[in-house]
Amino acid sequence: MCQSAIVISVIALAVVINSVSGALPSIIKVCSRNDPKIDQCIIDEVDHIRSNLANGDFGKEFDIPKLEPLYIEHLKMQRGQDFNAVFNKLNVYGCSAFKIDRLQAKPMNLSFDLAMNIPKLNFTGKYSLKMKLLLLNLQGKGDLKGSLTNTRLAARIRGYTEKIDDKEYIRFHRIGIRLKVENGSFQLDNLFNGDPVLGQVGNQVINENSRVLLDEIIPGLEKNLGRIFTEIINKLLKTATIDEMFPEKV
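From a predicted model like this one, the values you see are computed outputs, not experimental measurements.

1. Regarding helix H4 (residues 196–208)
So, step 1. Along its 13 residues, H4 runs 18 Å from first to last C-alpha, staying within 8% of the 18 Å computed at 1.5 Å per residue.
So, step 2. Along H4, the residues classified as buried are Gly-199, Gly-202, Asn-203, Val-205 and Ile-206. Considered in projection along H4, the buried side chains sweep an arc of 160° and stay on one side of the axis. Opposite the buried face of H4, by more than 90 degrees, sit the exposed residues Pro-196, Val-197, Gln-200 and Glu-208.
So, step 3. Capping of H4 at its N-terminal end is provided by Asp-195; its side-chain oxygen lies 3.0 Å from the backbone amide nitrogen of Val-197.

2. What about the side chain of Asn-117?
So, step 1. Secondary-structure assignment places Asn-117 in strand E4 (residues 111–133).
So, step 2. Asn-117 sits in the buried class, given a relative accessible area of 11%.
So, step 3. Aside from chain neighbours lying at most four places away, what touches Asn-117 is Ala-97, Phe-98, Lys-99, Asp-101, Asn-150, Thr-151 and Arg-152.

3. Considerations on the confidence of the model for the chain
So, step 1. Per-chain confidence: the chain averages 83 in pLDDT, with 88% of residues scoring 70 or above.
So, step 2. Across the chain, the secondary-structure element scoring lowest on mean pLDDT is helix H1 (residues 3–18), at 53, and the one scoring highest is H4, at 93.
So, step 3. In this model, residues 1–6 is a region of pLDDT below 50 whose contacts with residues beyond four sequence positions or in other chains number 33 contacts.

4. Digging into the pairing of strand E2 (residues 83–93)
Side chains on a regular strand alternate between the two faces of the sheet.
So, step 1. Both strand E1 (residues 70–79) and E2 contribute to a ladder of 9 bridges, which runs antiparallel. The residue of E2 that forms the bridge with Lys-76 is Val-86.
So, step 2. Taken together, E1 and the strand that follows it, E2, pair antiparallel across an intervening segment of 3 residues, in which Gly-80 is found at a positive phi of about 60°.
So, step 3. For E2 and E4, the ladder comprises 9 bridges, and the chain directions are antiparallel. Among the inter-strand pairings, Asn-91 is bridged to a residue of E4, identified as Thr-124.

Conventions adopted
Throughout, a residue's number is its position along its own chain's written sequence, starting from 1. Where local features are concerned, this predicted model is filtered to residues with pLDDT of at least 70; where side-chain atom pairs are given and counted, the filter is 80 or more; whole-chain, interface and lining totals use all residues. Side-chain numbers here rest on the full set of heavy atoms in the structure, without hydrogens or water. A run of DSSP states H or I qualifies as a helix once it reaches four residues; a run of E qualifies as a strand once it reaches two. Both are numbered from the N-terminal end. The span you would expect from a helix comes to 1.5 Å times its residue count less one. For every residue, the accessible area (1.4 Å probe, protein chains only) is compared with the maximum for its type, and the residue is labelled buried under 20%, exposed over 50%, or partly exposed between those bounds. As used here, the arc is the angular range of directions from the helix axis to the C-beta atoms. We call two N or O atoms a polar contact when they sit within 3.5 Å, provided that within protein one can donate a hydrogen and the other can accept it, with sequence-adjacent residues counted only if both atoms are side-chain atoms. By the convention used here, residues are in contact when the closest approach between their heavy atoms is within 4.5 Å. How sure the predictor is of each residue is captured by pLDDT, a score from 0 to 100. Strands qualify as paired when DSSP identifies two bridges or more between them.

Next comes the structure, spelled out in structure tokens:
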């Protein structure tokens with residue numbers, strides 16, 4: 001669920017970092033590493049390509065996932081015996097409405113700090129859940145839908161260079177992610193093997209205590225999001241040298 005907030009951030013962050021690269025679709029404007037307002041340059045460029053991010057249209061040679069809806073195949077989270085959750089085949093709506101609140105870019109140090117906000121996310125998908133919430137042992141497997149409001153994400157990105165054939169290629173360490181979600185609502189079908197009374201009670205307890213459920217989910221989301229971010233960015237920049245990514249002039 002929460003991963004909805006997640007993946008938009010994945011793509012947005014990848015574009016933020018890559019918006020200063022030369023080996024990109026022609027629609028993307030390059031920002032000079034010497035631009036005194038490089039942070040704003042990158043933010044402006046992300047806004048410029050917002051519709052392209054929504055529909056994933058960057059040309060036939062670029063296979064970039066679309067944000068509307070954003071598709072998440074699988075996410076698993078576990079904490080001992082009290083919390084075990086798997087979410088599959090999620091479609092997330094509202095990702096392209098993200099807003100970058102702050103970006104601090106130090107391109108030649110490969111250092112980036114990003115803060116962003118997503119006003120509302122709606123999602124549908126499949127779930128498998130076993131958890132203890134207050135005095136109730138919740139369990140079930142079936143369809144899922146819900147929404148998240150005011151999701152905030154902060155990312156800490158640090159990179160390094162790898163020398164291959166006298167060229168310095170860009171690589172990134174595991175990205176640190178922190179999430180805050182103001183509120184969430186959930187509808188889990190087939191709780192307690194489809195028992196209508198227990199299912200209604202279970203969903204009522206979940207939504208009356210959504211903060212408890214969100215607090216259980218968020219650490220797993222942060223960990224998975226950091227891994228996904230790192231994989232995507234390193235794949236996108238696999239053949240990019242530091243001079244190609246951050247040209248002196250544009």
